[in-house]
Amino acid sequence: MLKSLYTILIMLCISGAVFAQSTIKGTVTEASTGEPIIGANLILLGTSQGNATDLNGDYVINNVESGNYTIRVSSVGFVTITEEITVRSGDLELDFEMELTSASLTSLEVFASRSDQTTPVAFSDVDQEAIQTQLGSRNLPEVLNITPSVYSTGAGGGSGDARINVRGFSQRNVAVMINGVPVNDMENGWVYWSNWSGVGDAARSIQVQRGISNVNLAVPSVGGTLNIITDPTQSEAGGSVKFENGSGALNKTTLQLNSGMINDKFAFSAVGVRKTAEGIVEGTWADEWAYHLAASYQINDDNRLDLFALGAPQRHGQNLYAMNIATYDRDYALSLDSYDPAAADIHWEKGRYFNSNVSGVSTSYDGNQYVGDGWVSTSIQNRYSKDFLNERENFFHKPQVNLNWYSELSEKLTLTNVLYYSGGHGGGTGTLGDIEYDYSHNQRIVDWDATIADNEANGEANGILRNSRNNQWTIGDILKLSYQASENFEIQAGLDWRTAEIEHYREVRDLLGGRYYVETGNELNPNYRAGLGDKVAYNFTNTVDWYGGYVQGEYNTDEYSVYSTVGISSIKYSHKNFFLAENGSPLTREADNIVGYQAKAGGLYNLNDNVGVYLNVGYISKVPIFDNVISDFNGAVNENPENEKFYFYEAGVRYRDPSGKFGLNANYYLTDRRDRSFTRGVQQNNGDEGLINITGLDQMHSGVELETSYKPVNWVRLDVAGSYNLWEYQNDVSATYLADQGDPTSAQDVNLYLEGLKVGNAPQAQLAYTLGMQPANNLDIQLIGTSFYRHWSDFDPINRDDPNDRAQTWQAPNYTVFNMHVNYAFDNILEGTTFFLNVFNLLDETYVQDATDNSRFNGFDQDHDADDAEVFLGLPRRYNFGVRVNF
């Protein structure tokens, strides 16, 4: 009887517990607009229960037992909500309205042409949480390897010497924008990441728009666009401090301060960074500062001003010369099928940390070094170390200042104007003249002591250390007008003006024991004795003037959205050379205006609440870079510069499971590159130097890209991203020039044999997989793997001039690398404090990350094998750890 009673009581308890389980559901919206917030996270603190909002901002948390809970609602860009709730039997409906952390954020994202779920282009977002969790001590682009068709490496390992490749295009054809302002070099389109080393600490988010993108400015959005938004001023006062240590004697401190809104009018924020390191690779030390300042002023309900200023004054040692594989790791080289063992005998192993750009020098040598203006208060300084000299060092400071004006002129008409300035002072070092080198074992290393001894004996320096300076300024203005013609239709028009002046010259940095250096290349002042800081080798100034405009229309409904953009730009280049004489004065050259165009359109159709399909097409006529129009070193002008043409086609699908557990983005793209051009300098029979323009090279870039996410339970999430691409040259090209302009029989041909060759310098297939686990509310663990396949080595197409050589470039081995990231947030007395640990290359994999085919110096028998390539190996296992305190 008693046993039966116990059984009945137990059954009643179990059934009561089951029946007491409830569901919490509701909608999360933006307070100011009522728009749903997609992907907001809701967690019942102290449990593993929670969920994320779907495309409509709705959420459901099932099987919640009765009781009192604290629910936390968070989303990047919004103030976190924490609320005490009581769950009883039956469903509980809770709606939340979230406030923006910054009134500036929405306007900034609109101005920067950020994509969202209604935009018919392929894009991936890396939010602030992911940047803080995964970046660690790496260069900013390296966090993007988890997105499809994006490949970034740290190159030789120097701080800020990273590169990025999107859909097979180098960063010359990838637009990089910070707060909506383009930062690609005005002359050649390159991006120098050392100039932006503090951006990762101030970044709110990075959006990778692959392909033509929906950016309406005339920027080089061919491979894609990196759209970086930094932290605007915050609505609430507070701040944080972060301390980091890591491999290579890394020490880094980051301080962030926010004033919050003052009298509902003003707000200020500041980020300061100090970083020093000895480097993992030999001689890649770093000495850096960085800053990011933001201020906002709400003039009235219709007008607001935002001011941004950022920069990173820095010096760092570089490793710019890739080497034969055996130089770094003999055993690894010999393990490769196409590596000839005989090559390993002439390329002696120096180890994975070897850097041919740095070598020892006698501590007794006390020669001064000239740095010049723009980075330090004095022009003369001591070298970084008394024990060694860097052949290659970079020193630069490139501040950028934006003044943003947002104005609602009427209920339907809004204006955004951004006036910006960017200045830069600094450059990079190298040798000049007759330098003593150690060429033993096929490795070119400067013998500083021998060079210094020769110069001291001669008095005149035969060889010196020089600075190649690149001092510049850019002023620009971007004006955008938006008119809401109807509830669904918006028209936008804009103007884009930029002008830049860039000084290029070399100067004496270190006389290496000599008293002076004789400069023979200055036609206006030949054979003068140059001392520290004097200009040598070349000295010229280039200008770039840019004008552009666009018109865009966009129509949106709940069911579908379409947009179309047309734009035009005009660029003019000029050149003044102070070392070349023309009638007794500096040589000057000016090219005609070159006009470029762009047109693009796209549409997205929502099949239902969870599935959308999209299509976009586009065309760009891209103006050639400066070097393809005017030669920097002899002033030769390309009289018939050809615009490159790009045709874009893309289609994709997006799916999000109603439960929020599964999501998928998939797309196919084709980019048809036409009329790629090259210039080659030639010397004519009369001694004049000229340029020949080789045009007509075509490339085809196509592929499929996929991103998926799966959340089986609230505390586990798996993200997978992959791509499979085909990038290939389509034809051979040729050009003819006259060796003697007066003799038509002196015609000579230049032929390049490229048809069928793979486009190199990035893997054509890749896979990234991220396993995120949150076994407790305050513990976050991420394991990230990236696998790369079909990586053909880089080469210069202009060197493929042998009709009998149709072989593909060397294909680097496939590889996989794992990184681990751990974050632990403390409770109670240490609330607001987070400990973090990052381990990169967790399994210490040896792999080739960068490769150039048939190296002229480090190659063996020039037959496109592993023994002919010069490479950078990926860095070995390394770590950084630290603590972040919010207040």
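Residues numbered from 1 in each chain as written. Predicted model: local features only at pLDDT ≥ 70, side-chain atom pairs only at ≥ 80, totals over all residues. Heavy atoms only, no water.

Some details on the overall build of the chain
Argument step 1. Within the chain one finds 8 helices and 55 strands.
Argument step 2. Taking 29 Å as the expected radius of gyration for a compact globule of 887 residues, we find that the chain reaches 30 Å, a close match to that expectation.
Argument step 3. Along the longest, intermediate and shortest principal axes, the C-alpha atoms of the chain span 110 × 60 × 60 Å.
Argument step 4. Looking at the 887 residues of the chain, the share that counts as buried comes to 56%.
Argument step 5. Relative to all contacts within the chain whose residues are 6 or more apart in sequence, the contacts with residues 24 or more apart total 68%. (Helix = DSSP H or I, 4+ residues; strand = E, 2+ residues; numbered from the N terminus. Rg over C-alpha atoms; globule rule 2.2 N^0.38 Å. Buried < 20%, exposed > 50% of the residue type's maximum accessible area, 1.4 Å probe, protein only. Contact = heavy atoms within 4.5 Å.)

Quick notes on the sheet that holds strand β16 (residues 224-230)
Argument step 1. The mixed open sheet is built from 5 strands, whose spatial order is β9-β15-β16-β13-β14. Each edge of the open sheet carries a strand with a single partner, namely β9 (122-127) and β14 (181-182).
Argument step 2. Note: strand β13 (residues 174-178) against β16, 5 bridges, orientation parallel. Across the sheet, Met177 pairs through a bridge with Asn227, a residue of β16. (Pairing = 2+ DSSP bridges.)

Regarding a negative patch on the surface
Argument step 1. Together, Asp58, Asp91, Glu93, Asp95, Glu97, Glu99 and Asp609 make up a negatively charged patch on the protein surface.
Argument step 2. Position of Asp609 among the secondary structure elements: in the loop between β40 (594-606) and β41 (611-622).
Argument step 3. On the accessibility criterion, Asp609 (53% relative accessible area) is exposed. (Patch = residues over 30% accessible without salt bridge, like charges linked within 9 Å, V, L, I, M, F, W, Y side chains within 5 Å. Areas by Shrake-Rupley, 256 points an atom, 1.4 Å probe, with all protein chains shown as cover. Salt bridge = Lys/Arg side-chain N within 4 Å of Asp/Glu carboxyl O. Lys, Arg positive; Asp, Glu negative; His and termini not counted. Charge placed at Lys NZ, Arg CZ, Asp CG, Glu CD.)

Focus: the side chain of Asn258
Argument step 1. Within the element layout of this structure, Asn258 appears in strand β18 (residues 250-258).
Argument step 2. For Asn258, a relative accessible area of 14% gives the class buried.
Argument step 3. The residues contacting Asn258, other than those within four sequence positions of it, are Gln234, Glu236, Ala237, Gly238, Gly239, Phe268 and Ser269.

Remarks on empty space enclosed by the protein
Argument step 1. According to the stated counting rule, one finds 10 cavities of 30 Å³ or more in the structure shown.
Argument step 2. In this structure, the largest cavity is lined by 44 residues; those nearest its centre are Arg138, Asn139, Glu142, Leu875 and Arg878.
Argument step 3. No other element matches the 4 residues that strand β51 (residues 815-825) contributes to the lining of the largest cavity.
Argument step 4. Per-class residue counts for the lining of the largest cavity are 17 nonpolar, 23 polar and 4 charged.
Argument step 5. Around the second largest cavity, the lining comprises 20 residues; the ones closest to its centre are Arg138, Asn139, Ser197, Lys252 and Lys275.
Argument step 6. Mapped onto the lining of the second largest cavity, the elements with two or more residues apiece are α4 (199-202), β19 (266-277) and β20 (286-300).
Argument step 7. Per-element accounting of the lining of the second largest cavity gives the leading share, 3 residues, to β20.
Argument step 8. Of the residues contributing to the lining of the second largest cavity, the split by class is 7 nonpolar, 8 polar and 5 charged. (1 Å grid on protein atoms, 1.4 Å probe; cavity = no way out; pocket = protein on both sides within 12 Å on 5 of 7 lines; lining within 4 Å. Points joined across faces, edges and corners; volume = space filled by probe spheres on them. Nonpolar A, V, L, I, M, F, W, Y, C, P; charged D, E, K, R; others polar.)

Remarks on the pattern of salt bridges
Argument step 1. On inspection of all chains with the given rule, the structure shows 28 salt bridges.
Argument step 2. As a salt-bridge pair, Arg167 and Glu650 come within 2.8 Å of each other at their nearest N and O atoms. Taken together, the residues span a long stretch of sequence, with Arg167 in the loop between β11 (163-166) and β12 (169-170) and Glu650 in strand β42 (residues 644-656) at a distance of 483 residues.
Argument step 3. In this structure, Lys645 and Asp675 form a salt bridge, with 3.3 Å as the shortest nitrogen-oxygen distance. Of this pair, Lys645 sits in strand β42 while Asp675 is found in strand β43 (residues 662-683), placing the two residues 30 residues apart along the sequence.
Argument step 4. For Lys645, a relative accessible area of 17% corresponds to the buried category.
Argument step 5. Here Asp675 falls in the partly exposed class, since its relative accessible area comes to 25%.
Argument step 6. Through salt bridges with shared partners, a single network forms among Arg167, Arg210, Glu650, Glu705 and Glu707.

Remarks on helix α8 (residues 448-458)
Argument step 1. Looking only at α8, the buried set comprises Trp448, Thr451, Ile452 and Asn455. The arc that holds every buried residue of α8, seen down its axis, measures 95°, which confines them to one face.
Argument step 2. Here the buried face of α8 lies against β24 (358-360), β27 (388-390), β30 (413-433), β32 (445-446) and β33 (463-484).
Argument step 3. With a side-chain oxygen lying 3.5 Å from the backbone nitrogen of Asp449, the N-terminal cap of α8 falls on Asp447.
Argument step 4. Looking one or two residues past α8, Gly459 carries a phi angle of roughly 85°, positive in sign. (Arc of directions from axis to C-beta. Polar contact = N/O pair within 3.5 Å; in protein donor to acceptor, adjacent residues only side chain to side chain.)

What to know about the environment of Asp632
Argument step 1. Within the fold, Asp632 resides in the loop between β41 and β42.
Argument step 2. Separated by 90 residues in sequence, Asp632 and Asn542 have C-alpha atoms that sit 8.4 Å apart.
Argument step 3. With residues near it in sequence (within four places) discarded, Asp632 still touches Phe540, Asn542, His575, Asn577, Phe626 and Asp627.

Some remarks on the pairing of strand β5 (residues 67-74)
Argument step 1. Examined bridge by bridge, strand β2 (residues 41-44) and β5 share 4 bridges and lie antiparallel to one another. Each bridged residue has a counterpart across the sheet, and for Leu42 the counterpart in β5 is Val73.
Argument step 2. Note that β5 and strand β6 (residues 81-87) share 7 bridges and pair antiparallel. Counterpart to Asn68 in the pairing with β6 is Thr86.

Some words on a nonpolar patch on the surface
Argument step 1. A cluster of nonpolar side chains, namely Leu307, Val401, Leu403, Leu419, Tyr421, Trp473, Ile475, Trp497 and Tyr547, defines an oily patch on the protein surface of about 750 Å² accessible area.
Argument step 2. Elements supplying a minimum of two residues to the nonpolar patch: β29 (400-408), β30 and β33.
Argument step 3. Following the sequence through the fold, Leu419 ends up in strand β30.

What to know about the packing of aromatic side chains
What describes a pair of aromatic rings is the distance from one ring centre to the other and the angle between the planes of the rings.
Argument step 1. Taken as a whole and assessed by the stated rule, the structure comprises 20 aromatic pairs.
Argument step 2. Their ring planes at 70° and their centres at 5.0 Å tell us that Tyr151 and Phe788 sit as a pair that is edge-to-face. Taken together, the positions of Tyr151 in strand β10 (residues 150-153) and Phe788 in strand β49 (residues 779-792) put the pair 637 residues apart, joining distant regions of the chain.
Argument step 3. Under the relative-accessibility criterion, Phe788 is labelled buried at 3%.
Argument step 4. Three or more aromatic residues link up through ring pairs in this structure, and these residues are Tyr151, Phe788, Tyr815 and Tyr847. (Phe/Tyr/Trp six-rings, centres within 6.5 Å; stacked < 30°, edge-to-face > 60°.)

Here's the deal with the pairing of strand β54 (residues 870-873)
Argument step 1. Where burial is concerned, the two faces of β54 agree: the one with Glu870 and Phe872 and the one with Val871 and Leu873 are both buried.
Argument step 2. Of the pairings in the sheet, the one linking strand β23 (residues 323-324) to β54 comprises 2 bridges and is antiparallel in character. Looking at the pairing, Asn324 lines up with Glu870 of β54.
Argument step 3. When strand β53 (residues 848-852) meets β54, the two strands line up antiparallel, connected through 4 bridges. Bridge pairing in β54 links Thr852 to Glu870.

The quantities given are spatial measurements derived from coordinates; they are silent on function.
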